[in-house]
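# Structural overview
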Amino acid sequence: MNGDTFYDWFANILPLLRENAVIVMDNASYHSVKKHTFPVRSWKKQDIIDWLTDKGEVIDKPMVKEQLLDRAQILKSQYNEYVIDELAKSANKTVLRLPPYHCELNPIELAWASVKNYVRMNNRTYKINDVKKLLEEGVERVTPDMWKNFVGHIIKVEDKFWEVDFISNELLDAEVTPHVLTITGDTSDSYSDSD
């Protein structure tokens, strides 16, 4: 899978979705192709200057590369758009991006687990064509009711995250009582055999 392949697939799927649909997206690289390139340290200095100038920045004094990158960093939020998000927006859909490394918030993971379990439980030949057929059957077995349950489960997980976040905020905001440890007696760290 790559960004171009995913884009083509996504463009074909968008018209099939309801108006104002929210699409949950993880952080796979092919989901996260940027609409604009952004200067990085490996760029040549003149390319960074050209990028800044193209964005309306006036470079009126000599700057070292690090200063130019700092200047670009200030503009980053204005040019931090994903190709897929913009395509969805143009079709009146919204992409909701999950935080990195939080697959437990993505209902598709539960669907894939169901499909993989179906394949595992029914695979008798281990031949690629049979596995492909089982995979297709497994996908077909994911019903709207199953999706509803998957989403409901994710909402419960998210609620627990919010609860933990609230508790940790309470703990962090609580007044900390200082503890004093008083050590008395011999504090040397050398011991004899008779100790």
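Residues numbered from 1 in each chain as written. Predicted model: local features only at pLDDT ≥ 70, side-chain atom pairs only at ≥ 80, totals over all residues. Heavy atoms only, no water.

Further remarks concern the layout of surface pockets. By volume, the largest pocket is sized at about 1,300 Å³. In terms of lining residues, the largest pocket is bounded by 28 residues, among which Trp9, Leu17, Ile23, Ile108 and Trp147 are the most central. Listed by contribution, the elements that provide at least two residues to the lining of the largest pocket are helix 1 (3-13), strand 1 (22-25), helix 5 (107-122) and helix 7 (144-173). The dominant element in the lining of the largest pocket, judged by the number of residues it contributes, is helix 5, at six residues. When grouped by side-chain class, the residues that make up the lining of the largest pocket number 23 nonpolar, two polar and three charged. If you add up the space inside the second largest pocket, you get close to 330 Å³. Lining the second largest pocket are 14 residues, and of these Leu98, Leu105, Ile154, Glu158 and Trp162 lie nearest its centre. Mapped onto the lining of the second largest pocket, the elements with two or more residues apiece are strand 2 (94-97) and helix 7. Per-element tally for the lining of the second largest pocket: the top contributor is helix 7, with seven residues. (1 Å grid on protein atoms, 1.4 Å probe; cavity = no way out; pocket = protein on both sides within 12 Å on 5 of 7 lines; lining within 4 Å. Points joined across faces, edges and corners; volume = space filled by probe spheres on them. Helix = DSSP H or I, 4+ residues; strand = E, 2+ residues; numbered from the N terminus. Nonpolar A, V, L, I, M, F, W, Y, C, P; charged D, E, K, R; others polar.)

Quick look at the pattern of salt bridges now. Going through the model one piece at a time under the given rule, you end up with six salt bridges. Ionic pairing is found between Glu137 and Lys133, a salt bridge with its closest N-O pair at 2.9 Å. Separated by four residues within a single helix, Glu137 and Lys133 lie in helix 6 (residues 128-140), roughly one turn from each other. Glu137 gets classed as partly exposed once you look at its relative accessible area, which sits at 24%. (Salt bridge = Lys/Arg side-chain N within 4 Å of Asp/Glu carboxyl O. Buried < 20%, exposed > 50% of the residue type's maximum accessible area, 1.4 Å probe, protein only.)

Attention now moves to unusual backbone geometry. We note that Asn92 has phi near 60 degrees; this positive angle belongs to a residue other than glycine. Structurally, Asn92 can be placed in the loop between helix 4 (83-90) and strand 2. Under the relative-accessibility criterion, Asn92 is labelled partly exposed at 37%. A positive phi is found at Tyr126, a non-glycine position, where the angle reads about 60 degrees.

On strand 1, burial follows the alternation: Ile23 and Met25 on one face are buried, whereas Val22 and Val24 on the facing-out side are not. Pairing geometry for strand 1 and strand 2, over four bridges, is parallel. Along strand 2, the bridge assignment pairs Val24 with Leu96. (Pairing = 2+ DSSP bridges.)

A few words now on the packing of helix 1 against helix 4. Packing of helix 1 against helix 4 leaves a shortest axis separation of 11 Å and a crossing angle of 15 degrees. In terms of their interaxial angle, helix 1 and helix 4 are classed as roughly parallel. Helix-helix and strand crossings are classified by hand; for helix 1 and helix 4 the assignment is right-handed. Between helix 1, through Phe6, Tyr7, Phe10 and Ala11, and helix 4, the contact on the second element is made entirely by Val83, Ile84, Leu87 and Ala88. When its residues are assigned to classes, the contact of helix 1 with helix 4 shows eight nonpolar, no polar and no charged. (Axes fitted to C-alpha atoms, helices over the stretch in contact; angles between N-to-C directions. Parallel < 35°, antiparallel > 145°, perpendicular 65-115°, else oblique. Left-handed = near helix turned anticlockwise from the far one by under 90°. Contact = heavy atoms within 4.5 Å.)

Everything listed is a geometric property; what it means functionally is a separate question.
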